[in-house]
Amino acid sequence: MTTPVPSAPAAAPVSSATTRPIRQTLLVLGASGDLTGRLLLPGLGVLLASGGVPGLRLIGSGMDDWDDERWRRRVADSFATVGADGPAESEVIRNSRYVTADVTSEDGLRRLLADCAGPVVIFFALPPMVTARAAAALARIGVPPGTRLMLEKPFGVDRISAHSLNNLLATLVPEDQVHRIDHFLGKSTVLNLLGLRFANRIFEPLLNATHVACVDIVFDETLGLEGRAGYYDRAGALIDMVQSHLLQVLALLAMDPPPTLQAQELRGRSAQVLRATRLWDDDPAAASRRARYTAGEIAGRGLPNYVDEPGVDPSRHTETLAEMVLTVDTWRWAGVPFRLRSGKAMAEMRKEAIITFKQPARVPDGLIGYQHPDRLRIGFGPDCLGLDLNINGPGNPFDLDRVRLTADFGPGELPAYGEVLRGAFEGDPTLSVRGDVAEECWRIVEPVLAAWKAGTVPLGEYPAGSTGPADSLLGPVPG
């Protein structure tokens, strides 16, 4: 382990505006970026409003030449979007600081760490390559005892870089102090899935290859690029959504029951599933699709061609819709296709997992209308449950009707970023992605990325506001 920096204070100082001692510091690298204002700070605001992290010191840093006042306005504006304007939040805003620094330089990081008090949580709101350079600089100077690291996805840019970054981080802090963030793993979402599966005998015995025909995990959104070309045009839908978020949902749906919900047990089960996951028939051409949106209209709002969006480089051939078909090669799931899709500028927003069951082995002669299979639908925004069944409806009792039984999971105590922040502040890695799992996710998508780069899978198109390309591997998403 690298020797800690000597400038870490031995005792927590007292804020000038209050007698509350500073217990922890959140140091945000890349504080002026979109992610910080749009997701991180609102999540922090709700966490503070709930009474979490008393005595927090907030420091933002980046290359933009901001002063404290501009940074505090950004924090206040972000907190206001979630109604976080109480005394605790006001105190954090008032005592917050912004430091202009090159976060990939040793001198810049030394200055930042010298300004921190108590245990430090460092949030890397940075592109993958900048994160790696910042981590390398930290490895050369060391970090204060008890430091925890929070890293945004994508973790690395491929399996080799993810492995290299894992090795680098291991020289800084132990693995359970590294929080690789995937906000799809917010506590309420995780517990909703695990509670549904493992606390209900009616479902769990059916979730296997004997009874399930296929599993669809879909994240379609109506939004287009929305000014995010700087990041998105270099990532695309496969890396932005499928390689990270959707594979984590797959792991939760396909894992065997863990003996406890302790981090070691839960993350171990997730790793088992992903080690057994690979591309269907190992054929990228047949088991993947990519496309990007062209001009169209969504809810009366016109969208231009993706390639005409500001900041887009058409030569990158960036996809805004990605699909993959995977197999989970375990006793439970062998032979069941897991179909993953994420698309931008779609006709409607759909964030759900759909488990389609096989048709009955035989239906008695005389019953009609049972052509639709039973489906279990798990929604992730809003969090809800639906069960599609065929039952006898009004009129002819031999004619079966399609019905959907629905229930709401209800919102969690905190938004997803509030939950993952709380996990880091409390030193609980349950909701973070383990290092080997991050590498497995890259392994799974590597054949597809290579085939796309080689042009084996053509880049299709679909009009904004449509249901996607005609050759979708999912076909029409089950309604």
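Predicted model only: the values in this text are computed from it and were never measured.

A. Quick peek at the nonpolar core. Leu26, Leu44 and Phe338 are the most contacted members of the largest nonpolar core, which totals 140 residues. Tallying contributions element by element places helix α8 (residues 229–254) first for this core, with 16 residues.

B. Fine view of the sheet that holds strand β2 (residues 56–62). Taken together, 6 strands build an open sheet; the order of strands is β3-β2-β1-β4-β5-β6 and the sheet is parallel. One side of each edge strand has no neighbouring strand; the edge strands of this open sheet are β3 (97–100) and β6 (178–181). Across the sheet, the axes of successive neighbouring strands diverge by a mean angle of 20 degrees, strand direction being ignored.

C. Structural view of the pairing of strand β15 (residues 375–380). Buried residues dominate β15, accounting for 6 of its 6 residues. In β15, alternate side chains face the same way, and those of Arg375, Arg377 and Gly379 on one face and Leu376, Ile378 and Phe380 on the other are all buried. As defined by bridge partners, β15 adjoins strand β16 (residues 383–392) across 6 bridges and the pair is classed as antiparallel. Within the sheet, the bridge partner assigned to Ile378 lies in β16 and is Leu385. Between β15 and β16, which follow one another and run antiparallel, lie 2 residues.

D. Region of the structure containing a negative patch on the surface. On the surface, Asp64, Asp65, Asp67 and Glu69 cluster together into a patch of negative charge. As for its position among the elements, Asp67 is in the loop between β2 and α2 (68–80).

E. View of the pairing of β16. In terms of strand pairing, β16 meets strand β17 (residues 400–408) through 9 bridges, oriented antiparallel. Paired with Ile391 across the bridge in β17 is Asp401.

F. Fine view of the state of the cysteines. Across all of its chains, the model carries 0 disulfides by this definition. Here Cys214 stays free of any disulfide, with the sulfur of Cys384 as its closest cysteine sulfur at 19 Å.

G. A look at the packing of aromatic side chains. A complete count under the given rule lists 5 aromatic pairs for this structure. With centroids separated by 5.6 Å and ring planes inclined at 35 degrees, the aromatic side chains of Trp66 and Tyr98 adopt a geometry described as tilted. You can see Trp66 sitting in the loop between β2 and α2 and its partner Tyr98 sitting in strand β3, a full 32 residues away along the chain. A relative accessible area of 4% means that Tyr98 is categorised as buried. When the ring of Tyr293 is compared with that of Tyr306, the centres are 5.7 Å apart and the planes differ by 80 degrees; the resulting orientation is edge-to-face. Residue Tyr293 is found in strand β9 (residues 288–294), and its partner Tyr306 is found in the loop between β11 (301–303) and β12 (321–328); the two are separated by 13 residues along the sequence. Judged by relative accessible area, which is 1%, Tyr293 ranks as buried. Ring pairing ties together the aromatic residues Trp66, Trp71 and Tyr98, which thus form one cluster.

H. Broad picture of helix α11 (residues 416–425). For α11, a buried count of 9 out of 10 residues is recorded, marking the element as mostly surrounded by other parts of the structure. Along α11, the positions that sit buried rather than exposed are Tyr417, Gly418, Glu419, Val420, Leu421, Arg422, Gly423, Ala424 and Phe425. Phi turns positive one or two residues past the end of α11, at Gly427, with a value near 70 degrees.

I. Here's a closer look at the layout of surface pockets. A volume near 470 Å³ is recorded for the second largest pocket. In this structure, the second largest pocket is lined by 15 residues; those nearest its centre are Arg234, Ala235, Ile239, Leu449 and Lys453. Per-element accounting of the lining of the second largest pocket gives the leading share, 5 residues, to α8. When grouped by side-chain class, the residues that make up the lining of the second largest pocket number 5 nonpolar, 3 polar and 7 charged.

J. Highlighting unusual backbone geometry. Following Lys153, the chain continues into Pro154 via a peptide bond in cis, with omega recorded as 0 degrees. One can find Pro154 in the loop between β5 (148–152) and α6 (159–170). With a phi angle near 55 degrees, Asp282 is a residue other than glycine that sits in the positive phi range. Residue class for Asp282 comes out exposed when judged on its relative accessible area of 55%. Notably, His317 is not glycine yet its phi reads approximately 55 degrees, a positive angle. Here His317 shows up in the loop between β11 and β12. A relative accessible area of 44% places His317 in the partly exposed class.

K. Examining the packing of helix α1 (residues 34–49) against α2 more closely. Their axes nearest at 8 Å, the elements α1 and α2 cross at an angle of 65 degrees. When you trace α1 past α2, the crossing you get is right-handed. When α1 is examined against α2, the residues Asp34, Thr36, Gly37, Leu41, Pro42, Leu44, Gly45 and Leu48 are found in contact with a partner set consisting of Trp71, Arg74, Val75, Ser78 and Phe79. Of the residues belonging to the contact of α1 with α2, the class tally is 7 nonpolar, 4 polar and 2 charged.

About the thresholds
- Within each chain, residues carry numbers counting from 1 in the order of the written sequence.
- Local features in this predicted model are restricted to residues whose pLDDT is 70 or higher, and side-chain atom pairs enter the listing and the counts only when it is 80 or higher, whereas totals over whole chains, interfaces and linings include all residues.
- Excluding hydrogens and water, the side-chain values take into account all heavy atoms of the structure.
- Put simply, a nonpolar core is a bunch of buried Ala, Val, Leu, Ile, Met, Phe, Trp, Tyr and Cys residues held in one set by side-chain atoms that sit within 4.5 Å of each other.
- Relative accessibility under 20% of the residue-type maximum defines a buried residue, over 50% an exposed one, and the middle range a partly exposed one, all with a 1.4 Å probe and only protein chains included.
- What counts as a helix is a DSSP run of H or I of at least four residues, what counts as a strand is a run of E of at least two, and both are numbered from the N terminus.
- For two strands to be treated as a pair, DSSP must find at least two bridges joining them.
- Note on geometry: axes are lines fitted to C-alpha atoms, helical ones only across the stretch in contact, with angles between N-to-C directions running from 0 to 180 degrees.
- The residues that make up patches have over 30% relative accessible area and no salt bridge, and they are joined within 9 Å when like-charged or within 5 Å when they are Val, Leu, Ile, Met, Phe, Trp or Tyr.
- The protein chains shown are the only cover counted for residues, whose accessible areas, like all others here, come from Shrake-Rupley with a 1.4 Å probe.
- Each reported salt bridge corresponds to a side-chain nitrogen of Lys or Arg within 4 Å of a carboxyl oxygen of Asp or Glu.
- Charge assignment in this entry is limited to Lys and Arg as positive and Asp and Glu as negative, and neither His nor the chain termini are counted.
- The atom standing in for a charge is NZ when the residue is Lys, CZ when it is Arg, CG when it is Asp and CD when it is Glu.
- The term disulfide is used for any two cysteine sulfur atoms that are within 2.5 Å.
- For Phe, Tyr and Trp, where Trp contributes only its six-membered ring, two rings pair if their centres lie within 6.5 Å, and the inter-plane angle classes them as stacked under 30 degrees, edge-to-face over 60, or tilted in between.
- Here a cavity denotes grid points, spaced 1 Å and computed from the protein atoms alone, that fit a 1.4 Å probe unable to get out, and a pocket denotes an open set having protein on both sides within 12 Å along at least 5 of 7 lines; residues with an atom within 4 Å of a point are the lining.
- Grid points are joined across faces, edges and corners, and a volume is the space filled by probe spheres set on the points.
- Three classes are used: nonpolar for Ala, Val, Leu, Ile, Met, Phe, Trp, Tyr, Cys and Pro, charged for Asp, Glu, Lys and Arg, and polar for all others, with Gly counted as polar.
- In this scheme, a crossing is called left-handed if the near helix is turned counterclockwise away from the far one by less than a right angle; it is called right-handed if the turn is clockwise.
- Contacts: residue pairs with any heavy atoms within 4.5 Å of one another.

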